[in-house]
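Below are the chains, spelled out letter by letter.
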Number of protein chains: 2
Amino acid sequence: MIFSTSEENYIKSIFHLQQFAELVNTNALATEMNTRAASVTDMLKKLKTKKLVQYEKYQGCKLTEVGKKVALAIVRKHRLWELFLVDKLRFDWDSVHPIAEELEHISSEELVNKLSDFLGNPSFDPHGDPIPDKNGKIPLLNQQCLSDIPIKKIVTISSVSNQSAQMLEMLKHYHIVLGTQIMILKKFEFDGSSEIKVIKKNVCIISEQVTKNLFVHDIQKKK
Amino acid sequence: MIFSTSEENYIKSIFHLQQFAELVNTNALATEMNTRAASVTDMLKKLKTKKLVQYEKYQGCKLTEVGKKVALAIVRKHRLWELFLVDKLRFDWDSVHPIAEELEHISSEELVNKLSDFLGNPSFDPHGDPIPDKNGKIPLLNQQCLSDIPIKKIVTISSVSNQSAQMLEMLKHYHIVLGTQIMILKKFEFDGSSEIKVIKKNVCIISEQVTKNLFVHDIQKKK
DNA sequence: AATTAAATTTAGATTTGTCTAAATTTAATT
DNA sequence: AATTAAATTTAGACAAATCTAAATTTAATT
Ligand SMILES: [Mn+2]
Ligand SMILES: [Mn+2]
Ligand SMILES: [Mn+2]
Ligand SMILES: [Mn+2]
C-alpha cells in the first residue's frame, strides 16, 4: 500500500499525539499539522476508509495496528535520515528536521534498509530519539528526566524532548550535546532553576523549563 | 522560487528532449512524461507564465535561460543521488534511477552541496553522465561512440546512452561497467556486430545496437 | 487547391488536499 | 435544566494536476 505525503504526515502526527492521550482530538491534530479542523475531519474520513485509524464523529481518533506500523516506518525513515545528515553530511543537529521531513517520504524500502546498514544500524537519532528497526521495534532506554536527578551525580545527556530550533540553539550555546556528561551542583527552590557543571567545560544555570526537557542516563552506557 | 515535483519533471524532460531538437513538441513531451497531450498543453501554459519556457500555441516549446538553470540544478541532484546510492549504499547501477527520480525533488540547496562534498565533488554519475556543478557548468568529456572506434585499440567505457534496465542488465552480464577496458577484435559487416575482448575477462559479440549506445575514451583518463 | 490525416488545443470532469463560513454536537457554566 | 461556549462537522468553493472527448490548427496527400 502506498500513501501520499499528506496522509503520511497525518499518520505521523497522530502517532506523536497518542503519546499524550489515548484519543487524539481534531483540534489538537489541526494545530500539530498547521491546518484547519475542517481539513482534519476530511482526512480522518479518508484514513478511516483505508483502515489506518479508528474514528467516530466527534469522538476523536486513534491509529489501528496497521496505522501504527505505517507510523513507525515513517519515524524510522525520518530518524535514519537525520542521523545521516548529521553524521555523514555534517549538518548541525538543529537544522536537520525540516530536511528529514521531506526525505521521510521517499518510498523505496530497499533504500531505508541500505541506509540503515550504511549507518551501522543505529538505535538512536541525533536528538537521542530511538530508531525503530525493520519490524517497527523501538529500542528501550531507561532514562530519567534531568529534573529528577539528585545533585552531585554525574549523568549523560541522552535525549531532548523539546526539539525546537530555539531549544537546540540554546543547548549548543551551553556546549551540551548528546553524550555530554553533566552534574547538577545546586537546585534553586525559588524558580526551580539548577546550576550545573558541564564536565570538562563550563558551569552554568539552566531554567526548570530546560531541565524538564532534558533526559539523561547513568554514565558509561553505550548509545 | 519553488517548483512542484510535476513542474520539475516537465522541465527536466524538456531539457532532455532539447538535445535532439531546438523545439520540443507537445506529443514528444507527452510520450516522455507518460501523460496525455492535453495535460502537456496545460502545463506549458503554466510554465510559460512562470517564464521557464518559451511557448506559442501549436509551435512547440523551449526552455528559457532561467528554465535551463532550473533543469541543470535538478539534473545535478539526480546524478549526485545516483552516485550516492551506488557508491555509498551499494545499489546496483541499474536500479538507482527510479529512486533518484524521487530524491531529485528534495528542495534544500545546502543538502545538495553537502552531498556533493561528501562524495568528493564528483564529475560523473554511475552511468558516466556528467554532473553539473553548483553553477550549472557541465564538465566536458571528449568521448567517442564505440561504433566509431577502429579494431585493436584499447579503450575505456565512459558512458551509456541507453540506460534502460534491459541494457544495463545485459552489460552486467558481459561484465561491462564504467571504467572497463575493452578492445574491438573484429567487426562483422553483415549485421554490424562486433567481437570484443573485455580486458582480463571474456570475449563476446555485441550487436550494433549496443556499440551505438556505448561511449568510450582513451585509456588512462581519470574519472 | 481540396481533402485527409496528424498534431495540438479547448471544454468540461475528476481527484486530492485545502479553505471559509455556517450548522451541529458536546462540554461547561450559570 | 437552560444557556453559553467550545469543539467538530458539513456545505460549498478553490487550486493543482490529471483525464476524455470534441474542436481547431497545421501538415501531408491526393
Ligand atoms: Mn513529512
Ligand atoms: Mn530527531
Ligand atoms: Mn523526478
Ligand atoms: Mn544517471
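Shown above is the structure to which this text applies.
About the cut-offs
- Residue indices follow the written sequence of each chain, beginning from 1 at its first position.
- Here the convention is simple: chains get letters from A, ligands get numbers from 1, in the order in which they are written.
- Owing to the predicted nature of the model, reporting of local features is limited to residues with pLDDT of at least 70; listing and counting of side-chain atom pairs is limited to 80 or more, with chain, interface and lining totals taken over all residues.
- Hydrogens and water are ignored here; the side-chain numbers use all heavy atoms of the structure.
- A least-squares fit on C-alpha atoms brings the copies together, and the residues used are those whose pLDDT is at least 70 in both copies.
- The contact criterion used is simple: two residues touch if any of their non-hydrogen atoms lie within 4.5 Å.
- Strand pairing is assigned whenever DSSP detects at least two bridges linking the two strands.
- Helix numbers and strand numbers start at the N terminus; a helix is a DSSP run of H or I with at least 4 residues, a strand a run of E with at least 2.
- Keep in mind that water is not among the atoms, so a site may look incomplete; donors are the N, O and S atoms within 2.8 Å of the metal, or 3.2 Å for Na, K and Ca.
- Summary of the burial criterion: residues with accessible area below 20% of their type's maximum are buried, those above 50% are exposed, and those between are partly exposed, where the area comes from a 1.4 Å probe applied to protein chains only.
- Each C-beta atom gives one direction from the helix axis, and the arc is the one those directions make.
- Any Lys or Arg side-chain nitrogen found within 4 Å of a carboxyl oxygen on Asp or Glu counts as a salt bridge.

Let's shift gears to the relation of the copies chain A and chain B. For the pair chain A and chain B, the relating rotation is 180°, the translation along its axis is 0.0 Å, and the fit reaches an RMSD of 0.1 Å. Viewed as a symmetry operation, the transformation between the two copies matches a two-fold axis. The C-alpha atom lying nearest the rotation axis in chain A is that of L103 of chain A; the distance is 3.8 Å. Taken together, the interface assignments show that 100% of the residues at the interface of chain A recur at the interface of chain B, consistent with an identical surface on both copies.

To continue, consider the sheet that holds strand β5 (residues 181-187) of chain A. Residues and elements named next belong to chain A. Reading across the sheet, the 6 strands line up as β3-β8-β4-β5-β6-β7 and stay open at both edges, with antiparallel pairing between neighbours. Only two strands of the sheet have a single partner each, and these edge strands are β3 (144-145) and β7 (203-206). In the sheet, strand β4 (residues 154-160) pairs with strand β8 (residues 214-218) via 5 bridges, with the strands oriented antiparallel. What sits directly across from T156, in β8, is H217.

Our next topic: the coordination of the manganese ion (ligand 4). All names here are of chain B. Protein-derived ligands of the manganese ion (ligand 4) are E82 (OE), D125 (OD) and H127 (ND1), with the metal-ligand distances lying across 2.1 to 2.3 Å. Look at where the donors of the manganese ion (ligand 4) fall in the sequence and you get E-x42-D-x1-H. Note that E82 is positioned in helix α4 (residues 65-88) and H127 in the loop between α6 (109-118) and β3 (144-145), a separation of 45 residues in sequence. The burial state of E82 is the same as that of H127; both residues are buried.

Moving on: helix α2 (residues 26-33) of chain B. Residue and element names in this part refer to chain B. Taken as a whole, α2 has its buried residues at L29, A30 and M33. Looking straight down α2, one finds its buried side chains confined to an arc of 100°; they lie on one side. The exposed set on the far side of α2, more than 90 degrees from its buried face, consists of N27 and T31. Residues of α2 that are buried make contact with α1 (5-17), α3 (37-49) and β2 (61-63). A positive backbone phi angle near 60° is found at N34, which sits one or two residues after α2.

Counted by the stated rule, this structure contains 23 salt bridges over all chains. The partner of K46 of chain A in a salt bridge is E7 of chain A, with the nearest N and O atoms 3.4 Å apart. Placement of K46 of chain A in helix α3 (residues 37-49) and of E7 of chain A in helix α1 (residues 5-17) is noted, with a sequence separation of 39 residues between them. Measuring nitrogen to oxygen at the nearest pair gives 3.1 Å for the salt bridge that ties E110 of chain B to K114 of chain B. With a gap of 4 residues between them, E110 of chain B and K114 of chain B both fall in helix α6, about one helical turn apart. Overall, the relative accessible area of 21% leaves K114 of chain B in the partly exposed class. Within the structure, one salt-bridge network assembled from shared partners comprises E7, K46 and K50 of chain A.

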